[in-house]
Every structure is written in C-alpha cells, then in structure tokens.
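In case you want the letters, here they are:
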Amino acid sequence: MQSTLPNSTGLTHPSSRSLAESIPARIAIVFAATVFVAACAHVSIPLPFTPVPLTLQNFGVLLVGLMLGPVAGFSAMALYLAEGAIGLPVFNPHATGGLIQLFGATGGYLLSYPFVAAAAGWAFRSLPLKSLYLRAASAGTLATLLLFVCGSLWIAHVLHLSAAGVWIMSIAPFVPGEIVKIAAAAGLAASIESWRRA
Ligand SMILES: O=C(O)CCCC[C@@H]1SC[C@@H]2NC(=O)N[C@@H]21
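Residues numbered from 1 in each chain as written. Predicted model: local features only at pLDDT ≥ 70, side-chain atom pairs only at ≥ 80, totals over all residues. Heavy atoms only, no water.

Colleague: Hey, could you run me through the site of the ligand in this one?
Modeller: In the vicinity of the ligand, 17 residues are found, and the nearest of them are Pro 53, Thr 55, Asn 92, Thr 106 and Glu 178. At 2.8 Å, a side-chain N or O of Asn 92 approaches an oxygen atom of the ligand. Residue contributions to the shell around the ligand peak at 4 residues, all from strand E2 (residues 50-55). Considering only residue class, the shell around the ligand consists of 9 nonpolar, 6 polar and 2 charged. (Near = heavy atom within 4 Å. Polar contact = N/O pair within 3.5 Å; in protein donor to acceptor, adjacent residues only side chain to side chain. Helix = DSSP H or I, 4+ residues; strand = E, 2+ residues; numbered from the N terminus. Nonpolar A, V, L, I, M, F, W, Y, C, P; charged D, E, K, R; others polar.)

Here is the structure:
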C-alpha cells in the first residue's frame, strides 16, 4: 500500500524536506536518535527477580521508529547497538555493557531494536487507519509485540526458562508500562505529524 506519510523523515514541507534529506542532516538525525535512546535507557529500574529492568529505552525505540520511518529508524538502532557493542555507555547502566550485555540474557530485546523501530515506522506509514493517533498506537503495539517475542524467546533459551518463568521474568511485569509507553509515543508521534502537516 502507498505510504500516507510523505517521506522517511516524515517531513511535509518541501523546504524542510530538502534540508532534512541532505546527507549530513540525515546522519545528524540518526546520531541524535541514538543519543535519545541512550538517555531513555538510563531511566531504568532493576527488578530483584529478573535480569530484565523496567526502562524507558523501548519507549525511545518506538518513538524513533514512528518519527524517522523504517529505514532511518532501523539505521539509528543498528548504530545504537554498535555504540553499545564497543563499550559506549548507551545501554541501561545496571548491567555490564558492551558485547556481554548485547548477547546476555536481555540480548533478545536489544538485538530486536532495529527491527522494532523499522516495524513501528513501516506500520505507522502503512496501516489503513484514518486517525493518526490510532495508526501510531497500532504501529506501536505491533512493534512492541515483536519486541516481546524476540526478548522472551531469547531469555527462555539463555536461562532455560519454563513458560511460567518466561511470563514472570520477561513479560508480565512490563505490560502495564508498555501500555503507557505506547500511548505516549503514539500521542507524541501523531501530534508532531499533524503539526508538520498544518
Ligand atoms: O538494558 C538491556 O539490557 C535491555 C533491557 C530491555 C528491557 C525490556 S524492553 C521491553 C520491556 N519493558 C521494559 O520496561 N523492560 C523490558
């Protein structure tokens, strides 16, 4: 289906579009997105019964995907993982950082981020819903389902968890927060998009 949003950065006006589509501007936007997600990752609360923290990190991933679109969103999150892999302090600060964190118990969540951002951006531009907010919220929900499938399958494999263990350690504690994060990311993305169109 044809995209109903104008381009990969979502900008509508021709002058702002050409500015935002210059190569240096695209690189700056992608880099800024990694800084934003790193800042969100530092808002993390460790939980005593699971290695998976409560965090705003995935709110950042959703917003980046919704705002930048699938290509730039994927690129930004791939760069973010590369920054974390070389040891930059961009992941949640309560874990080891670097490759050990990237491929540790929470690696399924982290490694899914490029795909989660791409899914959010693609769905926001493609779902056949008139309301921008509903489209963004549905896109955020689909992307978050992908995030939890990847995160849960990974942790189940790494820690040899039963289905009940997976539910308790990697899904149930996070559901209420995810509803709030999706609603907030969708509200922001839809508001900014309608402001751009005005
Ligand atoms: O910092 C890490 O190593 C990854 C953290 C992943 C946290 C996941 S993302 C989805 C769910 N919601 C949360 O608040 N925490 C988990």
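Colleague: Help me out: how do you make sense of the environment of Val 166 in this one?
Modeller: Considering the arrangement of structural elements, one finds Val 166 in helix H7 (residues 163-171). Val 166 sits in the buried class, given a relative accessible area of 11%. Remark: the alpha-carbon pair of Val 166 and Trp 154, spanning 12 residues in sequence, is separated by 9.8 Å. (Buried < 20%, exposed > 50% of the residue type's maximum accessible area, 1.4 Å probe, protein only.)

Colleague: Help me out: how do you make sense of empty space enclosed by the protein in this one?
Modeller: Rolling a probe over the atoms, with the probe sized like a water molecule, indicates the empty space that remains. Taken as a whole and judged by the stated rule, the model has 2 cavities of 30 Å³ or more. Of the volumes computed, that of the largest cavity is approximately 200 Å³. Val 52, Pro 53, Thr 55, Tyr 109 and Tyr 113 are, among the 18 residues lining the largest cavity, the residues nearest its centre. Of the residues in the lining of the largest cavity, the class split is 10 nonpolar, 6 polar and 2 charged. (1 Å grid on protein atoms, 1.4 Å probe; cavity = no way out; pocket = protein on both sides within 12 Å on 5 of 7 lines; lining within 4 Å. Points joined across faces, edges and corners; volume = space filled by probe spheres on them.)

Colleague: Can you walk me through the confidence of the model for the chain in this structure?
Modeller: Parts of the model with low pLDDT should not have their predicted coordinates read in detail. With 90% of its residues at a pLDDT of 70 or more, the chain shows a mean pLDDT of 92. Counted against residues more than four places away or in other chains, residues 1-14, with its pLDDT under 50, gives 42 contacts. Across the assembled chains, the prediction reports ipTM 0.99 with pTM 0.90. (pLDDT = per-residue confidence, 0-100. Contact = heavy atoms within 4.5 Å.)

Colleague: What exactly am I supposed to notice about the packing of helix H3 (residues 57-85) against helix H6 (residues 132-159) here?
Modeller: In a packed pair of helices, the relevant descriptors are the angle between the two axes and the axis-to-axis distance. Running from N to C, H3 and H6 cross one another at 130°; their axes reach a closest spacing of 10 Å. One element, H3, and the other, H6, form an angle in the oblique class. Crossing angle aside, the handedness with which H3 passes H6 is right-handed. Facing Asn 58, Leu 62 and Leu 66 of H3, the residues of H6 in contact are Ala 136, Ala 139, Gly 140, Ala 143, Thr 144 and Leu 147. Residues that form the contact of H3 with H6 fall into these classes: 6 nonpolar, 3 polar and no charged. (Axes fitted to C-alpha atoms, helices over the stretch in contact; angles between N-to-C directions. Parallel < 35°, antiparallel > 145°, perpendicular 65-115°, else oblique. Left-handed = near helix turned anticlockwise from the far one by under 90°.)

Colleague: Would you explain helix H5 (residues 107-126) in this entry?
Modeller: Since one α-helical turn is 3.6 residues long, residues separated by three or four positions face the same way. The end-to-end C-alpha distance of H5 is 29 Å, a good match for the 28 Å that 20 residues give at a rise of 1.5 Å each. Across the 20 residues of H5, 16 count as buried, placing the element largely inside the fold. (Expected span 1.5 Å × (residues − 1).)

Colleague: What is the right way to look at the packing of aromatic side chains in this model?
Modeller: Two aromatic rings are characterised by how far apart their centres lie and by the angle between their planes. Inspection of the entire model under this criterion finds 3 aromatic pairs. With centroids separated by 5.3 Å and ring planes inclined at 80°, the aromatic side chains of Phe 74 and Phe 115 adopt a geometry described as edge-to-face. Taken together, the positions of Phe 74 in helix H3 and Phe 115 in helix H5 put the pair 41 residues apart, joining distant regions of the chain. Among the residues examined, Phe 74 registers a relative accessible area of 34% and is labelled partly exposed. Both rings, one in Tyr 80 and one in Phe 91, keep their centres 5.6 Å apart while their planes meet at 70°; by these two values the pair is edge-to-face. One end of the pair, Tyr 80, is in helix H3; the other, Phe 91, is in the loop between H3 and helix H4 (98-102), with 11 residues separating them in the sequence. (Phe/Tyr/Trp six-rings, centres within 6.5 Å; stacked < 30°, edge-to-face > 60°.)

Colleague: I keep staring at a nonpolar patch on the surface and nothing clicks. Help me out?
Modeller: The grouping of Phe 49, Trp 167, Ile 168, Val 175 and Ile 179 at the surface amounts to a nonpolar patch, some 510 Å² of accessible area in total. Contributions of two or more residues to the nonpolar patch are made by H7 and helix H8 (175-197). Along the chain, the position of Val 175 falls in helix H8. For Val 175, a relative accessible area of 37% corresponds to the partly exposed category. (Patch = residues over 30% accessible without salt bridge, like charges linked within 9 Å, V, L, I, M, F, W, Y side chains within 5 Å. Areas by Shrake-Rupley, 256 points an atom, 1.4 Å probe, with all protein chains shown as cover. Salt bridge = Lys/Arg side-chain N within 4 Å of Asp/Glu carboxyl O.)

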